[in-house]
Amino acid sequence: MNKEDTGNSPIVFGRRDFLIAAAGTVAALAMGGCSKTSQASSPHALPPLPYAENALEPVLTAHTIGYHYGKHHRAYVDNLNKLIEGTEYADLPLEKIIAGAAGKMEKAAIFNNAAQVWNHTFYWKSMTPKGGGEPPDALKQKIQASFGSVDACKKELAGAAVSQFGSGWAWLVLDQNTLKVAKTANAEVPFTSGMKPLLTIDVWEHAYYLDYQNRRADYVNAFLDKLINWEFAMQNAG
Ligand code: MN3
């Protein structure tokens, strides 16, 4: 009996997390099953991580992912829900909030939190425990057509990720019919500039500092060699 009592608190937290994740799944299923004009999924839920928090070790530890997903990503979701309550954004899907608030000074807080929710969900999918290696053939051909080689593409991605001054994101994008590398500052997203994101690397310090301290290049190179999810990029390019 006593054992159950002392173990009660973590069970409660675990169950709450499960319920939040379950609510997100239900919302996603509901959206998938309805027409495009159906009710949006606000208020927004923290989507479940696509893998366990320790699944990317040793490149990114559970310590890093736990903070990054459990604290940072969650905070963006919570902030967004508070900020949009009672506003014209309250019932809009995430992408429409981002598009609507982009470039408006007075909506900067809504834009920043909405875009960071989107960016992080996209970032988790840009990594996979068995990542790295060669891209699937269809994507490889597109990469070779645009960059010359996979190595040249990775080198350009690394260059963008390392040279982004301060916080931001490095991206592989589709611009018209060409694959390109882009970088954005802070919460900025490529799709407000007409570019389709294929995958991203978070270069905010919170993404790597617990594991790599100031060595951003080491984090970026490990990401490219061991975590990058080419399969996800290919799906987005399709
Ligand atoms: Mn981040």
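If you're wondering where the values come from, they're calculated on a predicted model, not measured in any experiment. (Residues numbered from 1 in each chain as written. Predicted model: local features only at pLDDT ≥ 70, side-chain atom pairs only at ≥ 80, totals over all residues.)

Student: Would you mind showing me how to read the sheet that holds strand β3 (residues 196-202) here?
Tutor: Within a beta sheet, neighbouring strands are joined by backbone hydrogen bonds and run either parallel or antiparallel to one another. Pairing within the open sheet is antiparallel, and its three strands lie in the order β2-β1-β3. A strand with exactly one partner marks an edge of an open sheet, and here the two such strands are β2 (178-185) and β3. When strand polarity is set aside, the average angle formed by the axes of neighbouring strands in this sheet is 25 degrees. In this structure, strand β1 (residues 168-175) lies alongside β2, joined through eight bridges in antiparallel fashion. Paired with D175 across the strands is T178, a residue of β2. This element, helix α10 (residues 230-237), spans β1 and β3 of the sheet and lies at about 155 degrees to β3. (Pairing = 2+ DSSP bridges. Helix = DSSP H or I, 4+ residues; strand = E, 2+ residues; numbered from the N terminus. Axes fitted to C-alpha atoms, helices over the stretch in contact; angles between N-to-C directions. Contact = placed C-beta atoms within 7 Å.)

Student: Got a minute to help me understand the environment of A237 in this structure?
Tutor: Structurally, the position occupied by A237 is in helix α10. The partly exposed category is assigned to A237, around which 18 C-beta atoms lie within 10 Å. The contacts of A237, once residues within four sequence positions are left out, are L139, K142, L174 and L198. (Buried ≥ 20, exposed ≤ 12 C-beta atoms within 10 Å, placed from the backbone.)

Student: Which parts of the structure should I look at to understand the packing of helix α3 (residues 62-84) against helix α5 (residues 108-125)?
Tutor: Relative placement of two packed helices is described by the angle separating their axes and the distance separating the axes. Where α3 contacts α5, the two axes come as close as 8 Å, and the packing angle between them is 140 degrees. Classified by the interaxial angle, the pair formed by α3 and α5 is oblique. For the crossing formed where α3 meets α5, the hand is left-handed. Of α5, the residues touching α3 (which contributes H73, Y76, V77, N79, L80, L83 and I84) are A109, I110, N113, A114, Q116, V117 and H120. (Parallel < 35°, antiparallel > 145°, perpendicular 65-115°, else oblique. Left-handed = near helix turned anticlockwise from the far one by under 90°.)

Student: How should I be thinking about the nonpolar core in this particular structure?
Tutor: Across soluble globular proteins, you tend to see nonpolar side chains buried next to one another. Ranked by size, the top nonpolar core spans 37 residues in total, and within it L157, A161, A170, L172, I201 and F223 carry the most contacts. At the level of secondary structure, the elements contributing two or more residues to this core comprise α5, α6 (137-147), α7 (150-163), β1, β3, α9 (216-227) and α10. The greatest single-element share of this core, amounting to six residues, is contributed by α9. Both domain 1 (2-46 + 61-125) and domain 2 (137-237) contribute no fewer than three residues apiece to this core. Residue contacts for F223: discarding those within four places in its chain leaves I201 and I228. Of all hydrophobic cores here, the second largest spans 18 residues; its members include L46, V77, I97 and A115. (Core = buried A, V, L, I, M, F, W, Y, C linked by C-beta atoms within 7 Å. Domains from an automatic or database assignment.)

Student: How should I be thinking about the packing of helix α4 (residues 94-101) against α5 in this particular structure?
Tutor: Between α4 and α5, the shortest axis-to-axis distance is 9 Å and the interhelical angle comes to 140 degrees. When the axis of α4 is compared with that of α5, the two are oblique. Of the two possible hands of crossing, α4 and α5 adopt the one that is left-handed. Facing α4, whose interface residues are L94, I97, I98 and A101, α5 presents I110, F111, A114, A115, V117 and W118. For the contact of α4 with α5, the per-class residue count stands at ten nonpolar, no polar and no charged. (Nonpolar A, V, L, I, M, F, W, Y, C, P; charged D, E, K, R; others polar.)

Student: Please explain α6 as it appears in this structure.
Tutor: Since the α-helix advances by 3.6 residues per turn, residues separated by three or four positions end up pointing in the same direction. Of the positions making up α6, those classed as buried are L139, K142, I143 and F147. What you see down the axis of α6 is that its buried residues fit within an arc of 105 degrees, all on one side. Counted as exposed and oriented over 90 degrees from the buried face of α6: D137, A138, Q141 and A145. Where the residues of α6 are buried, they touch α7, β2 and α10. G148 sits one or two residues past α6 and shows a positive phi near 100 degrees. (Arc of directions from axis to C-beta.)

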